[in-house]
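# Per-entry structural report
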Amino acid sequence: MSQTGGVSPPTSTGPAPQAGSPALTVGEVEDLLRSVAPPDLAESWDSNRLICGDPAEPVRTVVLAVDPVAAVVDEAIEHGADMVITHHPLYLRGTDHVSATDPKGRVVHRLVRAGIALANAHTTLDSAHGGVADALAALVGLEDTTPLVPHPSDPSQGIGRVGRLPAPTTLLQLARAVAQALPDSVPGLLLGGDPQATVTTIAVCGGAGDSLLGAARDRGADVFLTADLRHHPAGEHLEAGRPYLLCGTHWATEWVGLPPLARALEAGAGARGRTLQVHVSRTVTDPWALRLNTGT
Ligand SMILES: [Zn+2]
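Residues numbered from 1 in each chain as written. Predicted model: local features only at pLDDT ≥ 70, side-chain atom pairs only at ≥ 80, totals over all residues. Heavy atoms only, no water.

Another aspect to go through is the overall build of the chain. Counting secondary structure elements, the chain contains 10 helices and 14 strands. A compact globule built from 296 residues would reach a C-alpha radius of gyration of about 19 Å, and the chain, at 20 Å, matches this within 12%. Projected onto its principal axes, the C-alpha positions of the chain cover 60 × 45 × 35 Å. Across the 296 residues in the chain, those meeting the buried criterion constitute 50%. The long-range share in the chain, meaning contacts at least 24 apart out of those at least 6 apart in sequence, stands at 69%. (Helix = DSSP H or I, 4+ residues; strand = E, 2+ residues; numbered from the N terminus. Rg over C-alpha atoms; globule rule 2.2 N^0.38 Å. Buried < 20%, exposed > 50% of the residue type's maximum accessible area, 1.4 Å probe, protein only. Contact = heavy atoms within 4.5 Å.)

Every protein donor of the zinc ion is accounted for by His88 (NE2), His250 (NE2), Glu254 (OE) and Glu254 (OE), and the metal-donor separations fall at 2.1 to 2.4 Å. Classification of the site at the zinc ion rests on its four donor atoms, whose angles at the metal span 57 to 133 degrees, yielding the label irregular. Here the donor residues for the zinc ion map to a single chain with the spacing H-x161-H-x3-E. Residue His250 and its partner Glu254 are both found in helix 9 (residues 250-255); the two are separated by four residues, about one turn of the helix. Owing to a relative accessible area of 4%, Glu254 belongs among the buried residues under this scheme. (Donors = N, O, S within 2.8 Å, 3.2 Å for Na, K, Ca; no water. Tetrahedral: all angles 85-135°; square planar, octahedral: opposite > 155°, others 65-115°.)

Time to look at the state of the cysteines. Using the criterion set out here, one finds zero disulfides in the structure. Its sulfur unpaired, Cys205 is 12 Å from the next cysteine sulfur, which belongs to Cys247. (Disulfide = S-S within 2.5 Å.)

Domain parsing of the chain yields domain 1 (11-125 + 257-280) and domain 2 (132-250). A C-alpha centroid distance of 29 Å is found between domain 1 and domain 2. The interface of domain 1 with domain 2 comprises nine residues on the first partner and seven residues on the second. Both faces considered, domain 1 and domain 2 share a buried interface measuring about 690 Å² in area, 63% of it formed by carbon and sulfur atoms. For the pair domain 1 and domain 2, the interface holds zero salt bridges. Connecting domain 1 to domain 2 are three residue pairs in polar contact (both at pLDDT 80 or more). Split by residue class, the side of domain 1 that touches domain 2 holds four nonpolar, three polar and two charged. (Domains from an automatic or database assignment. Buried area = accessible area lost by both parts, 1.4 Å probe. Salt bridge = Lys/Arg side-chain N within 4 Å of Asp/Glu carboxyl O. Polar contact = N/O pair within 3.5 Å; in protein donor to acceptor, adjacent residues only side chain to side chain. Nonpolar A, V, L, I, M, F, W, Y, C, P; charged D, E, K, R; others polar.)

Attention shifts here to the pattern of salt bridges. Oppositely charged side chains can pair when the atoms bearing their charge come close. On inspection of all chains with the given rule, the structure shows six salt bridges. Residue Asp74 pairs with Arg110 through a salt bridge whose shortest N-O separation is 2.6 Å. Note that Asp74 is positioned in helix 2 (residues 70-78) and Arg110 in helix 3 (residues 103-113), a separation of 36 residues in sequence.

With numbering aligned to this structure, UniProt lists the feature "binding site: a divalent metal cation" (unreviewed entry) at His87, His88, Asp126, His250 and Glu254. Judged by maximum C-alpha separation, these annotated positions cover 168 residues in sequence but sit close together in space, the widest gap being only 12.6 Å. Since its relative accessible area comes to 14%, His88 is described here as buried. Every residue in contact with His88, bar those within four places of it in the chain, is listed here: Val66, Asp67, Pro68, Asn120, His122, His250 and Glu254. Here the side chain of His88 touches Asp67 through a polar contact of 2.6 Å, side chain to side chain. (UniProt positions renumbered as here; feature names shortened; annotations may be inferred.)

Looking now at the packing of helix 2 against helix 3. With their axes 10 Å apart at the nearest point, helix 2 and helix 3 run at an angle of 5 degrees to one another. What the angle tells us is that helix 2 and helix 3 run roughly parallel. Facing helix 2, whose interface residues are Ala70, Val73, Asp74 and Ile77, helix 3 presents Val107, Arg110 and Leu111. For the contact of helix 2 with helix 3, the per-class residue count stands at five nonpolar, no polar and two charged. (Axes fitted to C-alpha atoms, helices over the stretch in contact; angles between N-to-C directions. Parallel < 35°, antiparallel > 145°, perpendicular 65-115°, else oblique.)

In an α-helix, one turn spans 3.6 residues, which is why side chains three or four residues apart end up on the same side. For helix 5 (residues 132-140), the full list of buried residues reads Val132, Ala133, Ala135, Leu136, Ala137 and Val140. Positive phi appears at Gly141, one or two residues downstream of helix 5, with a value of about 85 degrees.

All of the buried residues along helix 6 (residues 171-181) are Leu171, Leu174, Ala175 and Val178. Taken down its axis, helix 6 places every buried residue within 100 degrees of arc, on the same side. Those residues of helix 6 that are exposed and angled more than 90 degrees off the buried face are Arg176 and Gln180. On its buried side, helix 6 packs onto helix 5, strand 9 (154-170), strand 10 (190-192), strand 11 (198-208), strand 12 (223-227) and strand 13 (244-248). (Arc of directions from axis to C-beta.)

Structure representation (structure tokens):
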């Protein structure tokens, strides 16, 4: 299915703040975030941190999103948020400026002016118990899951998951169920392989997973659900057989990790006797605005 991109109404998942309940600080919300997505799970090349904001400032409302882009800043300002937590970092490599002369600098300027802190949890949230990989595995209905790539510091967590369906199905039936369960964005879901093949063991990895095609095959997966697959890696992989491929979008396959994060932050605040209102953004931040069928 195709649709135009754009901003959807934010979804409130939390209770309204209680009058008189002291607010958490940016630093305390970051502590909650790091308890859900432990820093030890970060990949060596990655950035998972407080990007802008003062740890001492109060936070009553948080917006969760996949990407720290202008449309998400718009949504946070409209929402009166005190903090934004994104999956992706704003800067993955070093920069020598945060002037408002480029889009990332403008994000920093607008957030600071509006008094909104920004933090992110990227590969830490991908790998963590209850993070992106577990959320995607749950969406597929997988049982007995283990990490596709176990993390050296804790092999029970890591990138991706492999598990089994409760009962065998066809690739096409699985694809239909996955397409219905993922949030929609323009490219939708692509299927590679024999739609009528029987499948049981499924590997999943949110975001760009083509470096893990071999790992999914080594684990005996019948299907690998990921995103951003390219012509040569995907085509050459399928020439050698299973796992068949389901290719969603980067945004959709990672967005599924945000609702569980919202619930964990709210529970963490509640355990401290505080109230935190957490809104999960539905703003589609895949780059595509429209899909046209090609040919005559
Ligand atoms: Zn990603």
